[in-house]
Amino acid sequence: SMETESQAPRYSLSQRLVLWLLPPVAALIIRAWAWTWRVHLPIPPERDPRSAEKRYIYAFWHEGVVTIIPHWRDSQIQGLASQSFDGALISALMGYLGFPPPARGSSSRGGAGALKAQVESLAQGMHVAISVDGPRGPRYQAKAGIVQLAALSGHAIIPVAGVARPDARLRNWDQTMVPPPFARLAFVLGEPIQVGPGSETKAVGQVEAALMKGLQEAATSLDER
């Protein structure tokens, strides 16, 4: 119909080429790269998105996107991507990494639509993952979206923290971790956090504290070896 056509983003030819070529190539490289990582901490199967019986909302710091997403490739986890061209690229890449299509929207644009989509995804038997200080920070400060999702859906939040050695990072706002091939990694998946109506503010603090504690535990486990 005319309406849907006018709402669809109009990409230039060069953007369409990038969308067509980059995601499958990048996904192959990322798969090969993540396959070489050595992960040192056992993850409790009841909290692992690959084996958990319950459906969870996984919370992580934005610095972990390049470690957490590739490590849990080919899992029924729905991510979040913005409604921009970058978001379209990320959506396509997630598809080639074996994830269901991300919810589109961010804290700045289309947030309510994304929240609704994620409530539905949890109801349909998918996990959901959110970088809680994304898309632009401030670093290590959780935004309220994740606790609203937990309160609305009734599903618990599991904090996911990851650390790598060598600790190679980008020089951007979140200092994204980019572990080289054959790096040693440790992930800590914390206790599930339930969010009752009215306890949202307290829950944001709990999520932040659990993620910081997880980073500490993951680092300790790698540095003791």
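Overview of the structure. Every chain's residues receive numbers from 1 upward, in the order its sequence appears when written. The model is predicted, so local features are restricted to residues of pLDDT at least 70 and side-chain atom pairs to those at 80 or more, both for listing and for counting; the totals for chains, interfaces and linings are taken over all residues. To obtain the side-chain values, all non-hydrogen atoms of the structure were used and water was disregarded.

Considerations on unusual backbone geometry
Then, number 1: Along the chain, Gly-134 connects to Pro-135 via a cis peptide bond; the corresponding omega equals -5°.
Then, number 2: With an omega of 0°, the peptide bond running from Arg-165 to Pro-166 counts as cis.
Then, number 3: Relative to the elements of secondary structure, Pro-166 occurs in the loop between strand S7 (157–165) and strand S8 (184–189).
Then, number 4: Phi angles above zero are rare outside glycine, and Asp-74 is one such case at about 60°.
Then, number 5: Working definition: helices are DSSP H or I runs of at least four residues, strands are E runs of at least two. Numbering for both runs from the N terminus. Structurally, Asp-74 can be placed in the loop between helix H3 (65–71) and strand S3 (77–78).
Then, number 6: One non-glycine residue, Phe-182, lies in the positive phi region at around 65°.
Then, number 7: For Phe-182, the location among the structural elements is in the loop between S7 and S8.
Then, number 8: Here the term buried applies to any residue with accessible area under 20% of the maximum for its type, exposed to any over 50%, and partly exposed to those in between, with areas from a 1.4 Å probe on protein chains only. A residue is classified by how much of its surface remains accessible, and Phe-182, at 53% relative accessible area, is exposed.

Section: helix H4 (residues 85–96)
Then, number 1: Taking 1.5 Å per residue, 12 residues should reach 16 Å; H4 reaches 17 Å between its end C-alpha atoms and fits that length.
Then, number 2: Among the residues of H4, Phe-85, Gly-87, Ala-88, Leu-89, Ser-91 and Met-94 are the ones counted as buried.
Then, number 3: As for H4, its buried residues are in contact with helix H2 (13–36), H3, strand S4 (80–81) and strand S5 (103–104).
Then, number 4: Among the residues trailing H4, Gly-98 stands out with phi positive, at a value near 90°. Given a helix with a known number of residues, its expected span is that number minus one, times 1.5 Å. Two residues form a contact once any of their heavy atoms are found within 4.5 Å.

Comments concerning empty space enclosed by the protein
Then, number 1: Points on a 1 Å grid, built from protein atoms alone, make a cavity when a 1.4 Å probe fits but cannot get out and make a pocket when they are open with protein on both sides within 12 Å along at least 5 of 7 lines; residues with an atom within 4 Å of a point are the lining residues. Grid points are joined across faces, edges and corners, and a volume is the space filled by probe spheres set on the points. Here the structure, examined in full by the defined rule, presents one cavity of 30 Å³ or more.
Then, number 2: What the largest cavity holds in volume is close to 40 Å³.
Then, number 3: Contributing to the lining of the largest cavity are Phe-60, Trp-61, Glu-63, Gly-64, Ile-68, Val-160, Ala-161, Gly-162, Met-177 and Leu-215.
Then, number 4: Sorting elements by how many residues they give to the lining of the largest cavity places S7 first, with three residues.
Then, number 5: Classification convention: Asp, Glu, Lys, Arg as charged; Ala, Val, Leu, Ile, Met, Phe, Trp, Tyr, Cys, Pro as nonpolar; all other residues, Gly among them, as polar. Partitioned by chemical class, the residues of the lining of the largest cavity number seven nonpolar, two polar and one charged.

Some words on the packing of aromatic side chains
Then, number 1: Stacked, tilted and edge-to-face are the three classes assigned to paired rings of Phe, Tyr and Trp, where Trp is represented by its six-membered ring and a pair needs centres within 6.5 Å; plane angles under 30 degrees give stacked, over 60 edge-to-face, the rest tilted. In the structure shown here, the tally under the stated rule is four aromatic pairs.
Then, number 2: Aromatic pair Tyr-56 and Tyr-58: ring centres 6.2 Å apart, planes at 75°, arrangement edge-to-face. Across the pair, exposure class does not vary: Tyr-56 and Tyr-58 are buried alike.
Then, number 3: Ring centres of Trp-61 and Tyr-140 lie 5.2 Å apart, and the angle between their planes is 50°; this geometry places the pair in the tilted category. One end of the pair, Trp-61, is in the loop between strand S2 (57–60) and H3; the other, Tyr-140, is in the loop between strand S6 (127–131) and helix H6 (145–153), with 79 residues separating them in the sequence.

A word on the side chain of Ser-75
Then, number 1: Inspection of the secondary structure puts Ser-75 in the loop between H3 and S3.
Then, number 2: Residue Ser-75 is classed as buried on the basis of its relative accessible area, which comes to 4%.
Then, number 3: The definition of a polar contact used here is a pair of N or O atoms within 3.5 Å, where within protein one atom must be able to donate a hydrogen and the other to accept one, and adjacent residues in sequence count solely through side-chain atom pairs. From its side chain, Ser-75 meets the backbone oxygen of Trp-72 in a polar contact 2.8 Å long.

Observations regarding the nonpolar core
Then, number 1: With 28 residues, the main nonpolar core has Ile-57, Val-132, Ile-146, Val-147 and Ile-157 as its most contacted residues.
Then, number 2: Secondary-structure elements contributing two or more residues to this core are S2, helix H5 (111–123), S6, H6, S7, S8 and helix H7 (200–223).
Then, number 3: In this structure, Ile-146 is in contact with Ile-57, Tyr-58, Ala-59, Ile-130, Val-132 and Ile-157, ignoring residues within four places of it in sequence.
Then, number 4: What we call a nonpolar core is a set of buried Ala, Val, Leu, Ile, Met, Phe, Trp, Tyr and Cys residues that are connected through their side-chain atoms within 4.5 Å. One finds Ala-52, Trp-72, Ile-158 and Phe-187 within the second-largest nonpolar core, a separate group that totals 24 residues.

Let's talk about a nonpolar patch on the surface
Then, number 1: Exposure above 30% relative accessible area and the lack of any salt bridge qualify a residue for a patch; like charges then connect within 9 Å, and the nonpolar side chains Val, Leu, Ile, Met, Phe, Trp and Tyr within 5 Å. Each accessible area is a Shrake-Rupley estimate made with a 1.4 Å probe; only the visible protein chains count as cover when residues are assessed. Salt bridges are counted wherever a side-chain nitrogen of Lys or Arg sits within 4 Å of a carboxyl oxygen of Asp or Glu. Nonpolar side chains collect at one region of the surface, where Leu-13, Leu-17, Trp-20 and Leu-21 lie side by side and expose about 470 Å² of accessible area between them.
Then, number 2: Relative to the elements of secondary structure, Leu-21 occurs in helix H2.
Then, number 3: On the accessibility criterion, Leu-21 (48% relative accessible area) is partly exposed.

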